[in-house]
Structures are given as structure tokens and as C-alpha cells.
Amino acid sequence: MKNQVTSIYKQAERFADITKKSIISGNIVRAKKCLALAERLFINGSIETKNAISNVYVFSVSSFMEVRHCNISHLFPQTLKAEYIKQVNTSGV
């Protein structure tokens, strides 16, 4: 089980990297598809998958977008956007 959880987090990290590379290259259509898939995984996935999407994927992509001063409101699907807002409010930023 421990290896499985580790791989889920690693996969979320790699998926976040793909999303960020799509944004950097200007491929917003692909980035939106990645975000939509992440939202489906977050909504329908196991608890481990939801944790990986929330704690690794959303955190990584949103941090990247903030550093680059990207407006995330039009990119993030509704559920992931709510998760992002929850993270921001929890961190006190």
C-alpha cells in the first residue's frame, strides 16, 4: 500500500509538470484538458487520489501560476478552484 500511495503522489507531481509545461508553451487548450481530468479524478477518485490531486497537483499548479502572475480563475474547473481557495484560506495568504 505504501508504494501505491507514493506512486499516486509521484503521478500527481508528473501530471502537474505536464500541465505547467502546457501553460509555459502557451498550449492553454491542453492545460484546460489536464485540469478537467484532474477535476474528474478529484471528484471520482479514491481518498488517496483526492489527497494527491489536492495536496500535490492543485498546490503545484496554483503556486506555479501565482509566481508567474497568471489568472487562475478562468482556467481552474469549479471543484478544483474551490479546493485552491480552501488551500489559500488555510495558509493565511
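The name that an unreviewed UniProt entry assigns to the chain is DUF7674 domain-containing protein, with the source organism given as Flavobacterium aquidurense.

Q: Tell me about the overall build of the chain, residues and numbers included.
A: Helix and strand counts for the chain come out as four helices and zero strands. In the chain, the succession of α and β elements from N to C terminus is α-α-α-α. Here the chain holds 93 residues, and 37% of them are scored as buried. The long-range fraction of contacts in the chain, counting pairs at least 24 apart against all pairs at least 6 apart in sequence, stands at 59%. Total accessible area on the chain is roughly 5,900 Å²; 56% of this is exposed by carbon and sulfur atoms.

Q: Kindly report on the nonpolar core, identifying the contributing residues and their values.
A: In this structure, Y57 and L80 are the most contacted members of the largest nonpolar core, which totals 18 residues. Of all the secondary-structure elements, those providing two or more residues to this core are α1 (2-24), α2 (28-44), α3 (47-67) and α4 (78-91). Excluding residues within four positions of it along the chain, Y57 makes contact with A12, F15, A16, T19, C34, L35, A38, A52 and L80.

Q: Describe the side chain of S62, with residues and values.
A: Turning to its location among the elements, S62 is positioned in helix α3. Only 3.3 Å separates the side chain of S62 from the backbone oxygen of F59, close enough to count as a polar contact. In this view, S62 contacts F76, Y84 and Q87; residues no more than four positions away in its chain are not counted.

Q: Describe in detail the packing of α2 against α3, supporting the description with residues and values.
A: Relative to each other, α2 and α3 sit at 150°, their axes nearing to 8 Å. Classed by the angle they form, the pair α2 and α3 counts as roughly antiparallel. Considering the relative orientation of α2 and α3, their crossing is left-handed. Listed contacts from α3 to C34, L35, A38, L41, F42 and I43 of α2 are T49, K50, I53, S54, Y57 and V61. Here the residues of the contact of α2 with α3 sort into nine nonpolar, two polar and one charged.

Q: Lay out the packing of aromatic side chains with the relevant residues and their values.
A: On inspection of all chains with the given rule, the structure shows two aromatic pairs. Taking the centre distance of 5.0 Å and the plane angle of 25° together, the rings of F15 and Y57 count as stacked. Of this pair, F15 sits in helix α1 while Y57 sits in helix α3, and the two are 42 residues apart along the sequence. Y57 sits in the buried class, given a relative accessible area of 0%. Here F76 and Y84 contribute two aromatic rings whose centre-to-centre distance is 6.0 Å and whose plane-to-plane angle is 40°, an arrangement assigned as tilted.

Calculation criteria
- Residues numbered from 1 in each chain as written.
- Predicted model: local features only at pLDDT ≥ 70, side-chain atom pairs only at ≥ 80, totals over all residues.
- Heavy atoms only, no water.
- Helix = DSSP H or I, 4+ residues; strand = E, 2+ residues; numbered from the N terminus.
- Buried < 20%, exposed > 50% of the residue type's maximum accessible area, 1.4 Å probe, protein only.
- Contact = heavy atoms within 4.5 Å.
- Areas by Shrake-Rupley, 256 points an atom, 1.4 Å probe, with all protein chains shown as cover.
- Core = buried A, V, L, I, M, F, W, Y, C linked by side-chain atoms within 4.5 Å.
- Polar contact = N/O pair within 3.5 Å; in protein donor to acceptor, adjacent residues only side chain to side chain.
- Axes fitted to C-alpha atoms, helices over the stretch in contact; angles between N-to-C directions.
- Parallel < 35°, antiparallel > 145°, perpendicular 65-115°, else oblique.
- Left-handed = near helix turned anticlockwise from the far one by under 90°.
- Nonpolar A, V, L, I, M, F, W, Y, C, P; charged D, E, K, R; others polar.
- Phe/Tyr/Trp six-rings, centres within 6.5 Å; stacked < 30°, edge-to-face > 60°.

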